Amino acid sequence: MQGNATAISESLSIGARDQSDRHAPWRLSVAPMLDWTDKHCRYLHRLLTKNTLLYTEMVTTGGLLHGAERRHLRMDECEHPVALQLGGSDAADLAQCARIGARWGYDEINLNCGCPSERVQRGAFGACLMAEPQLVADGVKAMVDAVDIPVTVKHRIGIDREESYDFVRDFVGTVSLAGCRVFIVHARNAWLKGLSPKENREIPPLRYELVYRLKRDFPDLTIVLNGGVTTNEQIAEHLLHVDGVMVGREAYHHPWIMSDWDARFFGNSACGLSQDEVEAEMVAYMVRDAAEDGTPWSAIARHMLGMHHGRRGARLWRQVWSDHKLKTESPLKVWELARSHLQVDAQLAA
Ligand SMILES: Cc1cc2nc3c(=O)[nH]c(=O)nc-3n(C[C@H](O)[C@H](O)[C@H](O)COP(=O)(O)O)c2cc1C
């Protein structure tokens, strides 16, 4: 009897561990951001955190099927774990693109059901797909059947003035039946008319409670909260209610915030590099990518402008790295110049 009880309690605790492990890859992630989270940006972020899941910019199925695969999908081995975000609605195209993404080594395929831009609406995908859960489910099913890696969906809590919880609950319910186990929920509505994409990230109110409720109603699904998270304390608070938190703008503008995420949220050692060491690695990467791919250093340096956010001299640091007159200089020289300004400014402050 005693043995039985021990066995049951062991199996329960293993069950509990499995449960939490199942959600673990999504505990913390950096959001997909068009024009921002390209491979160079992800290289920087990966120096700061090894465990955080990184997302690509959205790649449309049309762009991928009719454009240059390499341009869209090239990535560095160090970027793992990294998810490819697709924009599209045709099931066959999505399946084909998911296959291509898996072939390039991505760890996850994510479908964008949250982007409100007019261009995306004209293509009939993004946030307007939330009005057609069955279409999303068909796309998801086609992708799930096509690849062995997880297929996930990023969406809003509603569109336009549809404020009822039932709307998002039914969306998640329908799409989960098609095989999606992970939902990344930007906790505000998308207003499809009258707001720019930027306004759509600021004006519709954040309603975290709806995301928490999704987790309560779908305990077996992995529910990730996104939107307006700017501090480690907020991340920790949300993690009491949901399985994961996705951070967008704050991670991009102040990348150093990520340097203790591995220690704080994954129980691993922190990134261990000083700011100087991270920057030195980035400069070496600029030299390498210029030689291998002809990438101008400015295409990489633009993602580092926020490295010294909040410190004296940060403005000069940004100015130097953005100065087009320096574009023929070596990145090492530009870095030295940027740092010297930082030091002078710091001395002036002392
Ligand atoms: C410049 C920019 C580009 C974005 N591009 C995408 C995108 O390609 N796909 C997507 O799902 N969301 C995109 N988003 C939305 C973010 O993924 C995220 O949902 C939003 O910024 C809210 O999170 P935050 O408050 O942490 O920034 C973008 C956001 C920004 C600022």
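For clarity, every value in this text was computed on a predicted model and none was experimentally measured. Residue indices follow the written sequence of each chain, beginning from 1 at its first position. Since the coordinates come from a predicted model, pLDDT governs what is reported: local features require at least 70, and pairs of side-chain atoms require 80 or more to be given and counted, while whole-chain, interface and lining totals use all residues.

Describing the site of the ligand
Rule in force here: Any residue qualifies as near a molecule or strand once its backbone-derived C-beta atom lies within 6 Å of it. Basically, the charged four are Asp, Glu, Lys and Arg, the nonpolar ten are Ala, Val, Leu, Ile, Met, Phe, Trp, Tyr, Cys and Pro, and anything else, Gly included, counts as polar.
Surrounding the ligand, one finds 23 residues, the nearest of these being Ala31, Met33, Met58, Gly248 and Arg249. Across the shell around the ligand, the residue classes break down as nine nonpolar, eight polar and six charged.

Observations concerning the UniProt feature "domain: DUS-like FMN-binding" (unreviewed entry) in the chain
Short version of the rule: UniProt positions are given in the numbering used here, feature names are shortened, and annotations may be inferred rather than shown by experiment. Runs of E in the DSSP output that reach at least two residues are strands. Runs of H or I that reach at least four are helices, and both are numbered from the N terminus.
The sites that carry the UniProt feature "domain: DUS-like FMN-binding" (unreviewed entry) are, in the present numbering, residues 30–330. Structurally, residues 30–330 comprises 42% helix and 14% strand, and the distance from its first C-alpha atom to its last is 30 Å.

Side note on the nonpolar core
Our working definition: Under the definition applied here, buried Ala, Val, Leu, Ile, Met, Phe, Trp, Tyr and Cys residues are grouped into a nonpolar core through C-beta atoms within 7 Å. Exposed residues have 12 or fewer other C-beta atoms within 10 Å of their own C-beta, buried residues have 20 or more, and partly exposed residues fall in between, where C-beta atoms are placed from the backbone. Each domain span listed reflects an automatic or database assignment of domains. The contact criterion used here is simple: two residues whose C-beta atoms, placed from the backbone, lie within 7 Å are in contact.
Within the largest apolar cluster, 91 residues are counted, with the highest numbers of intra-cluster contacts made by Val140, Met143, Phe183, Val185 and Val224. No other element matches the six residues that helix α7 (residues 133–146) contributes to this core. Each of domain 1 (21–266) and domain 2 (275–349) contributes no fewer than three residues to this core. In this structure, Val185 is in contact with His155, Ile157, Val211, Leu214, Ile223, Val224, Leu225 and Asn226, ignoring residues within four places of it in sequence.

Let's talk about the UniProt feature "binding site: FMN" (unreviewed entry) in the chain
UniProt records the feature "binding site: FMN" (unreviewed entry) for Pro32, Met33, Leu34, Gln85, Lys154, His186, Asn226, Gly227, Gly228, Gly248 and Arg249 in the present numbering. Among the structural elements, Asn226 can be located in strand β7 (residues 222–226). Not counting residues within four places of it along the chain, the set of residues in contact with Asn226 comprises Ala31, Ile184, Val185, His186, Ala187, Met246 and Gly248. Tracing the chain through its elements places Arg249 in helix α11 (residues 249–253). Classification of Arg249 by C-beta neighbours within 10 Å gives partly exposed; the count is 16.

Looking at the environment of Leu64
With respect to the helices and strands, Leu64 occurs in helix α3 (residues 61–66). In this structure Leu64 comes out as buried when scored by C-beta crowding, with 22 C-beta atoms within 10 Å. Taking C-alpha positions, Leu64 is 9.1 Å from Leu86, a pair spaced 22 residues apart along the chain. In contact with Leu64, other than residues within four places in its own chain, are Val59, Glu69, His72, Cys97 and Ile100.

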